[in-house]
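# A closer look at the structure
Each chain, letter by letter, is given below.
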Amino acid sequence: MSGLNAQTEKLLSISVEQYRELLQHAEKLLQTLDNCNYSKIPAHADKLQRLQNVASQQDKMLLTLFRDNPPAWEEHALYRKRQQFIKSILKLNKQLMPKIRSTMAVTSAELNKLRGGRTALAGYTSHYTTHRGIRGVG
C-alpha cells in the first residue's frame, strides 16, 4: 500500500511499537511465573493491562482505516509486522493463562489454609475476665 499519508504511517508505526512492547512485557511476565517470583506478578500484570489499554485506544483509530481496503493492507510491511506481533502475543497468552490460573489456585489454597489456621488459633485464646467489683470487693 503505497498511498499512505504521513499521519497514517505514523499511527501504524506507533502501533507496531506498542505491540512490540506488549510482547516483550508478556514474555517478562511468563519468565516471572516460570521463576516462581510471585511477588512481582501484580506489578507486571498491572503494566501489561496498561499497555493493552493504550494499544486498544490506538487500534480504534487504525481499525477504521484497515476496514477500507483489507487486501491492500496485507502488502504493507508495517501492517504485517504488527500482525506478527499480535499473533505472537496471542500465542504467548495461551501459555500464560494456564500458569496464571494455577498460580491463583495455589494462592487461594494457601489463603484458605491461613484463614483456617487463624480460626483454629482463635479457639485457643484466653477469655480471661476479671471478676473485680462483682461482689463489691475490690
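Overview of the structure. The residue numbers shown here count from 1 along each chain, following its written sequence. Per-residue local features are limited, in this predicted model, to residues with pLDDT of at least 70; the limit for side-chain atom pairs, both in listing and counting, is 80 or more; totals at the level of whole chains, interfaces and linings are taken over all residues. Side-chain figures throughout are based on the complete set of non-hydrogen atoms in the structure, without hydrogens or water.

## Considering the packing of helix α1 (residues 6-34) against helix α2 (residues 41-68)
Here α1 crosses α2 at 155 degrees, and the two axes come no closer than 9 Å. Compared by their axis directions, α1 and α2 come out roughly antiparallel. Like other packed secondary-structure pairs, α1 and α2 cross with a definite hand, here left-handed. Polarity classes work like this: nonpolar for Ala, Val, Leu, Ile, Met, Phe, Trp, Tyr, Cys and Pro, charged for Asp, Glu, Lys and Arg, and polar for all others, with Gly in that last group. Of the residues in the contact of α1 with α2, the class split is 17 nonpolar, eight polar and four charged. To get an axis, a line is fitted to the C-alpha atoms, and for a helix only the part in contact is used. The angle between two axes follows their N-to-C directions and goes from 0 to 180 degrees. Each helix is a run of DSSP H or I of at least 4 residues and each strand a run of E of at least 2, with the numbering of both proceeding from the N terminus. For classification purposes, an angle smaller than 35 degrees is called roughly parallel, one larger than 145 roughly antiparallel, one from 65 to 115 roughly perpendicular, and anything else oblique. Left-handed describes a crossing whose near helix is turned anticlockwise from the far helix by less than a right angle; the clockwise case is right-handed.

## A word on the nonpolar core
Of all hydrophobic cores here, the largest spans 16 residues; its most connected members are Y19, L22, L92 and L96. Of all the elements in the fold, those that place two or more residues in this core are α1, α2 and α4 (77-122). The element contributing the most residues to this core is α1, with eight residues. Contact between two residues is taken to exist if any of their heavy atoms lie within 4.5 Å; hydrogens are not considered. Each residue touching L22, except ones within four places of it in the same chain, is listed here: L48, L51, Q52, A55 and I89. Residues enter a nonpolar core if they are buried and are Ala, Val, Leu, Ile, Met, Phe, Trp, Tyr or Cys, with the set joined through side-chain atoms within 4.5 Å. Only protein chains enter the area calculation, which uses a 1.4 Å probe; residues under 20% of their type maximum are buried, those over 50% are exposed, and those in between are partly exposed. In this structure, L11, F66, W73 and Y79 belong to the second largest nonpolar core, which totals six residues.

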